[in-house]
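Residue-level listing of the chains:
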Amino acid sequence: MPELQLLRPDHAPALLAFERENRAHFAASVPDRGDGYFLHFDERHRALLAEQEAGVCYFHVLVDAEGEIQGRVNLVDVADGAAELGYRIAKRAAGRGLATRAVRELCQRAAGRYGLSVLRAETTLDNPASQAVLTRTGFAVVGETELDGRPGLSYLRSLGVTGA
């Protein structure tokens, strides 16, 4: 299994390659990052690291033995013991349980390292794989939402619950 690592400056080249290689794959289920993301990637990467340093977000990458990034698993909008979970897995690594294992590990880190007690997540109705990952990792549906004009579901997980 790729190793879950906290985002660092030296991840930038592999992260950019991951995002470029999987852009169309991700755009099928989440809003596209837009051309500006890629044109100004170095600036964006520095900004993410600054947010992480400030404790507002915790960005993680799944790095394989060759140093290639297979996925991202992030905690954003950290405040009052809660955060929003987001993740994306490379097309070539999808369907192997990687997202489930990574989300489980990040839930443990969120409680243990980051002192969080609640995580929120959202996914569109047309993304059953993401819904399955969230359900398998202890998240419960708490309502309906709209994501970039598409119907979706909101999830919540208390990190005091163990076993997932």
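Residues numbered from 1 in each chain as written. Predicted model: local features only at pLDDT ≥ 70, side-chain atom pairs only at ≥ 80, totals over all residues. Heavy atoms only, no water.

Caption draft 1: How the structure looks around the environment of Ala28. Its location among the elements puts Ala28 in the loop between α2 (23-27) and α3 (35-39). C-alpha of Ala28 to C-alpha of Val63: the two residues are 35 residues apart in sequence and 23 Å apart in space. (Helix = DSSP H or I, 4+ residues; strand = E, 2+ residues; numbered from the N terminus.)

Caption draft 2: Focus on the sheet that holds strand β5 (residues 118-124). Strand order in the open sheet formed by 7 strands is β1-β2-β3-β4-β5-β7-β6, with mixed pairing between adjacent strands. Edge positions in the open sheet fall to β1 (3-6) and β6 (140-147), since each of these has one partner strand only. This sheet shows a mean twist of 25° between the axes of neighbouring strands, independent of strand direction. Alignment of β6 against strand β7 (residues 150-158), held across 7 bridges, turns out to be antiparallel. Within the sheet, the bridge partner assigned to Val141 lies in β7 and is Tyr155. (Pairing = 2+ DSSP bridges. Axes fitted to C-alpha atoms, helices over the stretch in contact; angles between N-to-C directions.)

Caption draft 3: Representation of the pairing of strand β3 (residues 69-79) within the structure. Burial runs high along β3: 8 of the 11 residues are buried. Here strand β2 (residues 58-63) runs beside β3; their pairing, made up of 6 bridges, is antiparallel. Counterpart to His60 in the pairing with β3 is Val73. The loop that links β2 with its antiparallel partner β3 comprises 5 residues; one of these, Gly67, has a positive phi angle of about 85°. (Buried < 20%, exposed > 50% of the residue type's maximum accessible area, 1.4 Å probe, protein only.)

Caption draft 4: Structural detail: the pattern of salt bridges. Counted under the stated rule, the structure contains 10 salt bridges. Salt-bridge contacts for Asp10 lead to Arg8; the nearest nitrogen and oxygen are separated by 2.8 Å. Exposure remark for Asp10: the relative accessible area of 52% places this residue in the exposed category. Exposure remark for Arg8: the relative accessible area of 35% places this residue in the partly exposed category. Glu19 is paired through a salt bridge with Arg88; the nearest N and O atoms lie 3.2 Å apart. Placement of the pair is Glu19 in helix α1 (residues 12-21) and Arg88 in strand β4 (residues 82-89), with a sequence separation of 69 residues. Just as Glu19 is buried, Arg88 falls in that class too. Taken together, the shared-partner salt bridges connect Glu19, Arg33, Arg72 and Arg88 into one network. (Salt bridge = Lys/Arg side-chain N within 4 Å of Asp/Glu carboxyl O.)

Caption draft 5: Region of the structure containing the nonpolar core. Counting residues in hydrophobic clusters, the biggest one holds 44 residues, and the most contacted among them are Val73, Leu75, Leu85, Leu116, Leu119 and Phe139. It is helix α5 (residues 98-112) that contributes the most residues to this core, 7 residues altogether. Look past the residues within four positions of Leu75 in its chain and what remains in contact with it is Cys57, Tyr58, Ala83, Glu84, Leu85, Leu106, Ala110, Tyr114, Leu116 and Leu119. (Core = buried A, V, L, I, M, F, W, Y, C linked by side-chain atoms within 4.5 Å. Contact = heavy atoms within 4.5 Å.)

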